[in-house]
Amino acid sequence: MRSLTIEPLSKEAFAPFGDVIETDGSDFFMINNGSTRRYHKLASVETAQPEDQAIISIFSAESLEMPLIIRMLERHPLGSQAFIPLLGNPFLIVVAPIGDVPVSGSVRAFLSNGRQGINYHRGVWHHPVLTIEKRDDFLVVDRSGSGNNCDEHFFNEDELLLLNPHQ
Ligand SMILES: NC(=O)N[C@@H](O)C(=O)O
Ligand code: NI
């Protein structure tokens, strides 16, 4: 079983999958009479249909036992999905490029430093949220509307992957 290498999250490395929402290394301009930096449009919300809405939720997620066997990935064909950590904790991200199905050999893992959020672009394969803390809270910005917006893909036994943050 291939063990995923956990890469530090960066805009450049994550570019094939979406955006990194962070102040570090991001452009800004001053607002509010010079008291506030606006890190403008770090990511955009993608939707698919005119009546779709961009919505804001909070996910309070429990950690999964690690090391974790990655058996499945999901995608949202009708919209993007952003996760912004609310408590400043590092968290794990597992993704694969857009395609009819995720290719096991193309799956990559990243670690957010807790000051970085991510925005999966529409159709990017990803594992459901992966916390390192026993429980962690995320602000989630994604699409609400009619139709199925979550496809799941389960890997064959010989495609399974291992995610081990303790390695
Ligand atoms: N199902 C759901 O809303 N959550 C997943 O999309 C996820 O990426 O965690
Ligand atoms: Ni998702």
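To be clear, the structure that these remarks concern was listed above.
Note that the structure is a prediction, hence the values are computed from the model and not measured.

Novice: Which residues make up the overall build of the chain, and what values do they have?
Specialist: Counting secondary structure elements, the chain contains one helix and 17 strands. Relative to the globule expectation of 15 Å for 167 residues, the C-alpha radius of gyration of the chain, 16 Å, shows essentially globular dimensions. For the C-alpha atoms alone, the extent of the chain along its principal axes is close to 60 × 40 × 30 Å. Residue pairs at least 24 apart in sequence account for 83% of intrachain contacts in the chain once pairs closer than 6 positions are excluded.

Novice: Give me the pairing of strand 15 (residues 135-144): which residues, what numbers.
Specialist: One ladder, built from 10 bridges, connects strand 6 (residues 53-62) with strand 15; its direction is antiparallel. Among the inter-strand pairings, Phe59 is bridged to a residue of strand 15, identified as Phe138. In this sheet, strand 15 lies alongside strand 9 (residues 81-85) in antiparallel orientation, the contact comprising five bridges. Along strand 15, the bridge assignment pairs Gln81 with Asp142.

Novice: Before we move on, can you summarise the sheet that holds strand 1 (residues 2-3) with the specific residues and values?
Specialist: Strand order in this open sheet of three strands is 1-17-7, and the pairing throughout is mixed. One side of each edge strand has no neighbouring strand; the edge strands of this open sheet are strand 1 and strand 7 (68-70). Taken together, the three bridges between strand 7 and strand 17 (residues 161-163) define a ladder with antiparallel strand orientation. Looking across to strand 17, one finds that Leu68 is bridged to Leu163.

Novice: Hey, could you go over unusual backbone geometry for me, with residue numbers and the actual values?
Specialist: In this chain, Met66 is followed by Pro67 through a cis amide linkage whose omega measures -5°. By the secondary structure assignment, Pro67 is in the loop between strand 6 and strand 7. Of note, the phi angle at Asn32 is positive, near 55°, even though the residue is not glycine. For Asn32, a count of 8 C-beta atoms within 10 Å translates into the label exposed. With a phi angle near 50°, Lys41 is a residue other than glycine that sits in the positive phi range. For Lys41, the position within the fold is in the loop between strand 5 (36-38) and strand 6. A count of 8 C-beta atoms within 10 Å places Lys41 in the exposed class.

Novice: How would you summarise the nonpolar core if you had to cite specific residues and measurements?
Specialist: The tendency in soluble globular proteins is for nonpolar side chains to be buried side by side. Core analysis: the biggest nonpolar cluster contains 29 residues, and Leu92, Ile93, Val94, Val95, Ala109, Ile118 and Leu163 have the highest contact counts within it. Among the elements that take part in this core, strand 10 (residues 91-96) stands out by supplying six residues, more than any other. Apart from residues lying up to four places away in sequence, Ile93 is in contact with Leu9, Ala109, Phe110, Ser112, Ile118 and Leu130.

Novice: Would you mind going over the environment of Asn119 in detail, with residue names and values included?
Specialist: Within the secondary structure, Asn119 is located in strand 12 (residues 117-120). Along the backbone, Asn119 and Phe91 are 28 residues apart, and their C-alpha atoms lie at a distance of 14 Å. If we skip the residues at most four places from it in the chain, Asn119 touches Gly18, Asp19, Ile21, Ala43, Ser80 and Ala82.

Novice: Break down the environment of Leu42 for me, with residues and values.
Specialist: Inspection of the secondary structure assignment puts Leu42 in the loop between strand 5 and strand 6. According to the C-beta neighbour criterion, Leu42 is partly exposed, with 18 such atoms within 10 Å. For Leu42 and Gly88, which are 46 residues apart along the polypeptide, the C-alpha to C-alpha distance reads 18 Å. Once residues lying within four places of it in the same chain are set aside, the contact partners of Leu42 are Asp19, Ile21 and Ser26.

Novice: Describe in detail the site of ligand 1, supporting the description with residues and values.
Specialist: Within the structure, ligand 1 sits among Glu74, Gln81, His126, Pro128, Val129 and Cys150. Partitioned by chemical class, the residues of the shell around ligand 1 number three nonpolar, two polar and one charged.

Conventions used here
- Residues numbered from 1 in each chain as written.
- Chains lettered and ligands numbered in written order.
- Predicted model: local features only at pLDDT ≥ 70, side-chain atom pairs only at ≥ 80, totals over all residues.
- Helix = DSSP H or I, 4+ residues; strand = E, 2+ residues; numbered from the N terminus.
- Rg over C-alpha atoms; globule rule 2.2 N^0.38 Å.
- Contact = placed C-beta atoms within 7 Å.
- Pairing = 2+ DSSP bridges.
- Buried ≥ 20, exposed ≤ 12 C-beta atoms within 10 Å, placed from the backbone.
- Core = buried A, V, L, I, M, F, W, Y, C linked by C-beta atoms within 7 Å.
- Near = placed C-beta within 6 Å.
- Nonpolar A, V, L, I, M, F, W, Y, C, P; charged D, E, K, R; others polar.

Geometry only, nothing functional implied.
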